[in-house]
Amino acid sequence: MIIIAGLGNPGAKYEKNRHNIGFMAADEISRRWRFGPERAKFQSIVAEGEVEGQRVLLMKPQTYMNESGRAVGEAARFYKVKPGEIIVFHDEIDLAPGRFRMKTGGGAAGQNGVRSLISHLGADFRRARMGIGHPGEKDLVMPHVLGDFHKAEQPWLNALLQACADALPFAVAGDDERYQGEVMRLAPTPKFSPRQAARGAL
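Within any chain, residue numbers begin from 1 and follow the written order of that chain's sequence. Restriction of local features to residues with pLDDT of at least 70 applies here, the model being predicted, together with a cutoff of 80 or more for giving and counting side-chain atom pairs; totals for whole chains, interfaces and linings are based on all residues. Note: side-chain values were computed over all heavy atoms of the structure, leaving out hydrogens and water.

**So, the overall build of the protein chain**
Next up, step 1: A run of H or I in DSSP counts as a helix once it spans at least four residues, and a run of E counts as a strand once it spans at least two, with each numbered from the N terminus. Within the protein chain, the regular secondary structure consists of eight helices and seven strands.
Next up, step 2: Taking 202 residues into account, the globule formula puts the C-alpha radius of gyration at 17 Å, and the protein chain, at 16 Å, falls close to it.
Next up, step 3: Structurally, the protein chain occupies a C-alpha span of about 50 × 30 × 30 Å along its principal axes.
Next up, step 4: Here a residue-residue contact requires only that any non-hydrogen atoms of the pair lie within 4.5 Å. In the protein chain, the proportion of contacts linking residues at least 24 apart, taken out of those at least 6 apart, comes to 67%. The reference for a compact globule is 2.2 Å times residues^0.38; the radius of gyration itself is calculated from the C-alpha atoms.

**Things to note about the confidence of the model for the protein chain**
Next up, step 1: Looking at the protein chain as a whole, the pLDDT averages 92, with 94% of positions reaching at least 70.
Next up, step 2: Confidence drops under a pLDDT of 50 for residues 194–202, and excluding neighbours within four residues, the segment shows nine contacts in the predicted structure. Every residue carries a pLDDT, the predictor's confidence in it, which falls somewhere between 0 and 100.

**As for the sheet that holds strand E6 (residues 100–104)**
Two strands in a sheet stick together by hydrogen bonds in their backbones, pointing the same way (parallel) or opposite ways (antiparallel).
Next up, step 1: Strands are labelled as partners when DSSP assigns at least two bridges between them. Spatially, E2-E3-E4-E1-E5-E7-E6 is the arrangement adopted by the seven strands of the open sheet, whose pairing is mixed. One side of each edge strand has no neighbouring strand; the edge strands of this open sheet are strand E2 (39–41) and E6. Each neighbouring strand pair of the sheet contributes to a mean axis angle of 30 degrees, computed without reference to strand direction.
Next up, step 2: Relative to strand E4 (residues 54–61), strand E1 (residues 2–6) is paired through four bridges, and the arrangement is parallel. Among the inter-strand pairings, isoleucine 4 is bridged to a residue of E4, identified as leucine 58.
Next up, step 3: Most of the contacts of helix H7 (residues 176–186) go to E6, to which it runs at about 170 degrees, and overall it touches strand E5 (86–92), E6 and strand E7 (126–131). Between N-to-C directions, angles cover 0 to 180 degrees, with each direction set by a line fitted to C-alpha atoms, over the stretch in contact for helices.

**Comments concerning helix H5 (residues 154–166)**
Next up, step 1: Expected helix span is computed as 1.5 Å times (number of residues minus one). Look at H5: 18 Å from first C-alpha to last across 13 residues, which is about the 18 Å you get at 1.5 Å a residue.
Next up, step 2: In this scheme, a residue with accessible area under 20% of its type's maximum is buried, one over 50% is exposed, and one in between is partly exposed, where area comes from a 1.4 Å probe on protein chains only. Residues Trp156, Leu157, Leu160, Leu161, Ala163, Cys164 and Ala165 constitute the buried set of H5.
Next up, step 3: Contacts from the buried residues of H5 go to helix H1 (21–32), E5, E6, E7, helix H6 (168–172) and H7.

**What about the pattern of salt bridges?**
Next up, step 1: Counted as salt bridges are all cases of a side-chain nitrogen of Lys or Arg within 4 Å of a carboxyl oxygen of Asp or Glu. Under the definition given, this model contains 11 salt bridges.
Next up, step 2: Across the pair aspartate 27 and lysine 60 runs a salt bridge whose closest N-O atoms are separated by 2.7 Å. Here aspartate 27, found in helix H1, pairs with lysine 60, found in strand E4; they are 33 residues apart in sequence, far enough to count as distant.
Next up, step 3: The class of lysine 60 is buried, set by a relative accessible area of 12%.
Next up, step 4: Across the salt bridge formed by glutamate 48 and arginine 55, the nearest N and O atoms sit 3.7 Å from each other.

**Concerning the side chain of threonine 63**
Next up, step 1: Structurally, the position occupied by threonine 63 is in the loop between E4 and helix H2 (68–79).
Next up, step 2: Here a polar contact is taken to be a pair of N or O atoms separated by no more than 3.5 Å, where protein atoms must pair a possible hydrogen donor with a possible acceptor and residues adjacent in sequence count only if both atoms sit in side chains. A distance of 3.1 Å separates a polar atom in the side chain of threonine 63 from the backbone oxygen of glutamate 67.

**Quick notes on unusual backbone geometry**
Next up, step 1: Phi at tyrosine 64 takes a positive value of approximately 75 degrees, unusual for a residue other than glycine.
Next up, step 2: Counting through the fold element by element, tyrosine 64 comes out in the loop between E4 and H2.

**Remarks on the packing of H5 against H7**
Next up, step 1: One can describe the packing of H5 onto H7 by two numbers: an axis separation of 8 Å at closest approach and a directional angle of 140 degrees. Between H5 and H7, the angle falls in the class oblique. Relative to H7, H5 is oriented so that their crossing is right-handed. Contacts between H5 and H7 involve Leu160, Ala163, Cys164 and Asp166 from the former and Tyr179, Val183 and Leu186 from the latter.
Next up, step 2: Gly counts as polar in this scheme, as do all residues outside two lists: the nonpolar Ala, Val, Leu, Ile, Met, Phe, Trp, Tyr, Cys and Pro, and the charged Asp, Glu, Lys and Arg. Class assignment of the residues belonging to the contact of H5 with H7 gives a composition of six nonpolar, no polar and one charged. Just so you know how the angles are binned, under 35 degrees is roughly parallel, over 145 roughly antiparallel, 65 to 115 roughly perpendicular, and the rest oblique. Here a crossing is called left-handed whenever its near helix is offset anticlockwise from the far helix by less than a right angle, and right-handed whenever the offset is clockwise.

Structure follows, in structure tokens:
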């Protein structure tokens, strides 16, 4: 069993927020690989399925972002899944919009969901970091991550979500480097001009 967790906040209010890109990735994976029906378990919305013969538990913790580790930790203990068999999709402000990086271990880099996971699982789970960009000033970070994606961002967002789902066999096989490369091949990073960013067109 591999656990794939997409991070976000529950409820319609947060549904289209940048902070919920992990939930969006989980939904796209479920569609692409025809996972079973969603149900409530482990303080999450979960679905089970297979990716190229590998059993996967797909989770969207309903604990709110800052307590994501409670939900994923509960599932990991139940299935006796090691941190290296857990892949977590989450937003990353330190990556440009549309960039994608896989990483195992390390700190939370200010991402409270990741911080919670570290406290419940240790640091050695696998992070699928989905770039949403930095607003430029510390005071603007919270409204940025809790703001909805703009219409102009939809093309790269949709491409990234589809690429994460299409290339998933590499991730479930444990080849994170190949997975990262394939995602970026399928969804090349868009080019943004600083002027565009400055006037908030993104």
